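Descriptive structure summary
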Amino acid sequence: MECVFGLVGSDFVIVVADASAVNSILVHKTNEDKIMKLDSHKLIAASGESGDRVQFTEFIQKNVALYHFRNGIPLTTAAAANFTRGELATALRKNPYMVNILLAGFDRETGPSLYYIDYIATLHKVDKGAFGYGSFFCLSMMDRHYHSGMSVEEAVELVDKCIMEIRSRLVVAPPNFVIKIIDRDGAREYAWRESVKDTPAAQPEGLAV
């Protein structure tokens, strides 16, 4: 029951992802960070099969870093999105990745931007987007409450509304979410919304250190 969503504000992008790592009917952890930092001003949020999600996002991250290392300049957000789309399209005809992506970034020339890339290599620049079962509720909430030029406070309030809607309406709702933001100061973690905290397993008394 994954959920990844994001929206573009006045001079920033905010991206949110659930933090559940699941397999079939089992929950392995509830603090999985599904939003990876590509460079100082780009984030990639992904949903899909765990192996594909981790492998593909790391592959994109390392290639973005390699381009910067070789050429001395970073890729723009649009260039990174098109590169990601190209790799998904190539893999689609060989061994496809079951991964859906929101790629967000901030460029000094063009400002904030958000790109929607699905597993069949569809690419769109959007103001708001979502993937997963939670997208049924997120998209309707954002259609109702989103407007261009939102402040950070307004965007976070809308994000919280989306999270509350997912938790109250989805039959198996992820308990925890991570919120990250990108603006002219860079990409950073903004907050967590947690209703369940992972605790370390208790050790038998005889094995206590």
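Refer to the structure printed above.
To start, this report covers the structure provided alongside it. Numbers given to residues run from 1 along each chain, matching the order in which its sequence is written. Only residues with pLDDT of at least 70 are given local features in this predicted model, and only at 80 or more are side-chain atom pairs given and counted; all residues enter the totals for whole chains, interfaces and linings. Note that the side-chain values use all heavy atoms of the structure and ignore hydrogens as well as water.

It is worth spelling out the packing of aromatic side chains at this point. Note on ring pairs: Phe, Tyr and Trp rings are taken, using the six-membered ring of Trp, and paired if centres are within 6.5 Å. Classes follow the plane angle, with under 30 degrees stacked, over 60 edge-to-face and the rest tilted. Taken as a whole and judged by the stated rule, the model has four aromatic pairs. Between Phe56 and Phe59, the aromatic rings sit 6.4 Å apart at their centres with planes inclined by 35°, giving tilted as the arrangement. You can see Phe56 and its partner Phe59 sitting in helix α1 (residues 50–71), three residues apart, about one turn around the helix. Judged by relative accessible area, which is 29%, Phe59 ranks as partly exposed. Ring centres of Tyr116 and Phe131 lie 4.5 Å apart, and the angle between their planes is 25°; this geometry places the pair in the stacked category. One end of the pair, Tyr116, is in strand β8 (residues 111–117); the other, Phe131, is in strand β10 (residues 128–132), with 15 residues separating them in the sequence. Here a set of aromatic residues connected by ring pairs shows up, and it is made of Phe56, Phe59 and Tyr97. Per the convention used, a helix needs a DSSP run of H or I reaching at least four residues, while a strand needs a run of E reaching at least two, with both numbered from the N terminus. With a 1.4 Å probe rolled over the protein chains alone, any residue whose accessible area is under 20% of its type maximum counts as buried; one over 50% counts as exposed, and the rest are partly exposed.

Like charges within 9 Å and nonpolar side chains (Val, Leu, Ile, Met, Phe, Trp, Tyr) within 5 Å are joined into patches, using only residues over 30% in relative accessible area that form no salt bridge. The Shrake-Rupley method, run with a 1.4 Å probe, gives the accessible areas here. Residue values count only the displayed protein chains as cover. Any Lys or Arg side-chain nitrogen located within 4 Å of an Asp or Glu carboxyl oxygen qualifies as a salt bridge. Nonpolar side chains collect at one region of the surface, where Met1, Tyr133, Phe136, Val171 and Val172 lie side by side and expose about 560 Å² of accessible area between them. Turning to its location among the elements, Val172 is positioned in the loop between α4 (152–169) and β11 (177–183).

With that settled, the discussion passes to the pairing of strand β6 (residues 42–48). Burial analysis of β6 places six of its seven residues in the buried class, which makes it a mostly covered element. A pair of strands is considered paired only if DSSP assigns at least 2 bridges between the two. Bridge count between strand β5 (residues 35–39) and β6: four bridges; the pairing is antiparallel. When the sheet's bridge partners are listed, Asp39 is paired in β6 with Lys42. In textbook terms, the turn of a hairpin is the stretch between consecutive antiparallel strands, and for β5 and β6 this stretch comprises two residues.

Let's shift gears to the side chain of Ser135. Looking at the element boundaries, Ser135 is found in helix α3 (residues 135–145). Two N or O atoms count as a polar contact when they lie within 3.5 Å, although within protein this holds only if one can serve as hydrogen donor and the other as acceptor, and sequence-adjacent residues are included solely when both atoms are side-chain atoms. From its side chain, Ser135 meets the backbone oxygen of Gly132 in a polar contact 2.5 Å long. Working rule for contacts: check all heavy atoms of both residues, and any pair within 4.5 Å makes them a contact. Those residues within four positions of Ser135 in sequence are excluded, and the remaining contacts are Cys3 and Ala130.

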